[in-house]
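# Working through the structure, step by step
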Amino acid sequence: MEKYVNQKSEICTDLNSVPNSTPSQNTVAKPAETSTLPVIRIFRIIVDAAMYVLFLLLMGYHLFENRHHEILGAAVFILFFIHNGLNWRWYKNLFKGKYTLSRSLQTACNLLLCVTMLFTIAAALMLSRDVFYFLNFTNSNVGRKLHMVATVWTFLLESLHLGFHWQAIQKSIIKKMT
C-alpha cells in the first residue's frame with residue numbers, strides 16, 4: 001500500500017485520510033491505537049496498587065514482627081513520595097481553574113491525606129526500634145499515640161481518595177478487558 005503525507009506531516013496508509021478527499025469519505029486521520037499503555041502509566045498503576053496493598057498489610061501489625069512492619073512502612077513512605085512526584089501536575093494546577101464542590105472535596109481529601117501521611121512518617125520515626133534506630137528518637141509514648149491516630153485517619157482518607165478515583169479505575173479496567 002502506498003503511503004501519503006497529510007497536512008500534519010503524518011504518514012498515512014489509508015487513502016481516506018488523505019487531504020482534499022471528498023466529504024463523504026472519512027477525512028480525519030485517526031491515530032493508530034496501541035494495545036500497550038505508556039510505561040509511565042503502568043508505573044503509576046504499580047506504585048498505587050503496591051502502596052495500597054502494603055498499607056492494608058501494615059494495618060495488621062500483629063501479623064508481622066516489628067522489623068518487617070518497619071520495612072513495609074518504609075516502602076509505603078517511599079511509594080508515597082514517588083506517587084506525589086508522579087502527580088506533580090496536580091500541585092502545579094492547585095490554584096488554577098474553578099473549584100466546584102467535587103474538586104473542593106477532592107482537594108481537601110488530598111491535602112489532609114498528605115498531612116496525615118507526614119504525621120504517620122514522623123510518628124513512625126519516633127517509634128522505630130529496628131530500621132531507623134540510629135535516629136535515637138525516644139519519645140515512644142507520644143509516637144505511639146500519634147502513629148495510631150495518624151494511621152487510622154490516613155486509612156480513612158486513603159479509602160476516600162481511592163473512592164474519588166474509582167470510576168476512572170473501573171473505566172480503565174473495563175476498557176482493557178474489552
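Residues numbered from 1 in each chain as written. Predicted model: local features only at pLDDT ≥ 70, side-chain atom pairs only at ≥ 80, totals over all residues. Heavy atoms only, no water.

### Observations concerning the side chain of Thr120
With respect to the element layout, Thr120 can be found in helix α4 (residues 101-127). The class of Thr120 is buried, set by a relative accessible area of 2%. Setting aside its immediate chain neighbours within four residues, Thr120 contacts Phe77, His147, Ala150, Thr151 and Thr154. (Helix = DSSP H or I, 4+ residues; strand = E, 2+ residues; numbered from the N terminus. Buried < 20%, exposed > 50% of the residue type's maximum accessible area, 1.4 Å probe, protein only. Contact = heavy atoms within 4.5 Å.)

### Describing a nonpolar patch on the surface
A contiguous nonpolar surface patch, about 350 Å² in accessible area, is contributed by Ile40, Phe43, Ile78 and Ile82. Listed by contribution, the elements that provide at least two residues to the nonpolar patch are α1 (39-58) and α2 (66-86). Summarising the element assignment, Phe43 is placed in helix α1. By relative accessible area, which is 37% here, Phe43 ends up partly exposed. (Patch = residues over 30% accessible without salt bridge, like charges linked within 9 Å, V, L, I, M, F, W, Y side chains within 5 Å. Areas by Shrake-Rupley, 256 points an atom, 1.4 Å probe, with all protein chains shown as cover. Salt bridge = Lys/Arg side-chain N within 4 Å of Asp/Glu carboxyl O.)

### Thoughts on the environment of Thr116
By the element assignment, Thr116 lies in helix α4. With a relative accessible area of 11%, Thr116 lands in the buried category. Separated by 41 residues in the primary sequence, Thr116 and Leu157 have C-alpha atoms spaced 8.6 Å apart.

### With respect to the packing of α1 against α2
The contact between α1 and α2 brings their axes to 9 Å, and the two run at 145 degrees. When you trace α1 past α2, the crossing you get is left-handed. Here Ile40, Phe43, Arg44, Val47, Asp48, Ala50, Met51, Leu54, Phe55 and Leu58 of α1 lie close against α2, whose contacting residues are His69, Leu72, Gly73, Ala75, Val76, Leu79, Phe80, Ile82, His83 and Leu86. Residues that form the contact of α1 with α2 fall into these classes: 15 nonpolar, three polar and two charged. (Axes fitted to C-alpha atoms, helices over the stretch in contact; angles between N-to-C directions. Left-handed = near helix turned anticlockwise from the far one by under 90°. Nonpolar A, V, L, I, M, F, W, Y, C, P; charged D, E, K, R; others polar.)

All quantities given are derived from atomic positions and should not be read as evidence of function.
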